[in-house]
Amino acid sequence: TAPGSGAGIKAAQDGTADIGMSSRELKEEEKTLHETQIATDAIAVIINNNNPVTDLTSEQITQIFKGEIKNWKDVGGPDKEILLVCREAGSGTRDAFEEIMSLSEDGKSLINESTAIFVDATNAVAQNVQDKEEAIGYISLGSLTDQVKAVKVDGVEATEPNAQNGTYKIIRPFLLLTSEEPSGKVKEFMDYILSDAGQEQVVEAGFVPVN
């Protein structure tokens, strides 16, 4: 199942799964779990292909999602009200995006919900942005297709090399979580993912390897 990182973390904590998955850093109260990072991912900020905007600053993106910038004309685009397409509560992508872009405070989201729609999957974000010219959203770089356009952030493209060298700033870890030090079949599985063959699959999937 994949209803967000919160569910993967809980499954590892309560033992309903041998391995839970998270696509965000663990919070302080979750750090009782043993974590193994298997990849790094960039979060691409996406807009409709018909939108002429190509580059946004980090500050502009934060202002857009807070509702401080509400029209595309204010950032070089058409005279259209901006529609935010966001992930649901519990999504690791959402948690990571909001933390990196200063869109949360004291555990509370600062997203302007009055101009936002919330969906429960990456492909739903991409589909809404593809269908709506006024939309902006965020998805995993590994899920990016040419059906939408990723904007540059502070002049830097969302690419695997830029995520690896740190010039693209919106990045997060992919973690495998266990209640204790991995052993047996669980350790064998993790060792495979961290092997050359496993990391080749990470690259093939569009993510940044950890070794």
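Everything numeric here is computed off the predicted structure, so don't read it as measured data.

Participant: Looking at this structure, how should I read the environment of Leu175?
Facilitator: With respect to the element layout, Leu175 can be found in strand β11 (residues 171-178). A relative accessible area of 4% means that Leu175 is categorised as buried. In this structure the C-alpha to C-alpha distance between Leu175 and Gly20, which are 155 residues apart in sequence, comes to 8.3 Å. In contact with Leu175, other than residues within four places in its own chain, are Gly20, Met21, Ser22, Arg24, Glu25, Leu26, Glu35, Thr36 and Gln37.

Participant: Where do I start with the pairing of strand β4 (residues 83-87) in this structure?
Facilitator: Residues in a regular strand point their side chains to alternate faces of the sheet. Buried residues dominate β4, accounting for five of its five residues. As judged from the three bridges shared by β4 and strand β8 (residues 135-140), these two strands associate in the parallel manner. Residue Val85 lies in a different strand from β8, and its bridge partner there is Gly137. Of the strand pairs in this sheet, β4 and strand β7 (residues 116-119) are connected by four bridges, and their pairing is parallel. Paired with Arg87 across the bridge in β7 is Val119.

Participant: Would you mind going over the packing of helix α6 (residues 184-194) against helix α7 (residues 196-204) with me for this structure?
Facilitator: The angle between the axes and the distance between the axes are what describe a pair of packed helices. At their nearest, the axes of α6 and α7 sit 4 Å apart, and the two run at 65° to each other. Residues Tyr192, Ile193 and Leu194 of α6 lie in contact with α7, whose contacting residues are Asp196, Ala197, Gly198, Gln199 and Gln201. Along the lines of polarity and charge, the residues of the contact of α6 with α7 split into four nonpolar, three polar and one charged.

Participant: Just to check I follow, could you spell out the side chain of Glu98 for this structure?
Facilitator: Position of Glu98 among the secondary structure elements: in helix α3 (residues 92-100). Beyond its immediate stretch of four places on either side in the chain, Glu98 contacts Leu103, Ser104, Ser109 and Ile111.

About the criteria used
- Residue indices follow the written sequence of each chain, beginning from 1 at its first position.
- Totals for whole chains, interfaces and linings use every residue, but because this is a predicted model, local features are given only for residues with pLDDT of at least 70 and side-chain atom pairs only at 80 or more, for both listing and counting.
- Side-chain numbers here rest on the full set of heavy atoms in the structure, without hydrogens or water.
- Put simply, DSSP marks the helices as runs of H or I at least four residues long and the strands as runs of E at least two long, and each gets a number from the N terminus on.
- Only protein chains enter the accessibility calculation, which uses a 1.4 Å probe; a residue is then buried when its area is under 20% of its type maximum, exposed when over 50%, and partly exposed in between.
- We call two residues contacting when some pair of their heavy atoms lies within 4.5 Å.
- In short, DSSP must find at least two bridges between two strands for them to pair.
- The axes are straight lines fitted to the C-alpha atoms, using for helices just the contacting stretch, and the angles between their N-to-C directions are given from 0 to 180°.
- Gly is put with the polar residues, along with every residue not named as nonpolar or charged; the nonpolar set is Ala, Val, Leu, Ile, Met, Phe, Trp, Tyr, Cys and Pro, and the charged set is Asp, Glu, Lys and Arg.

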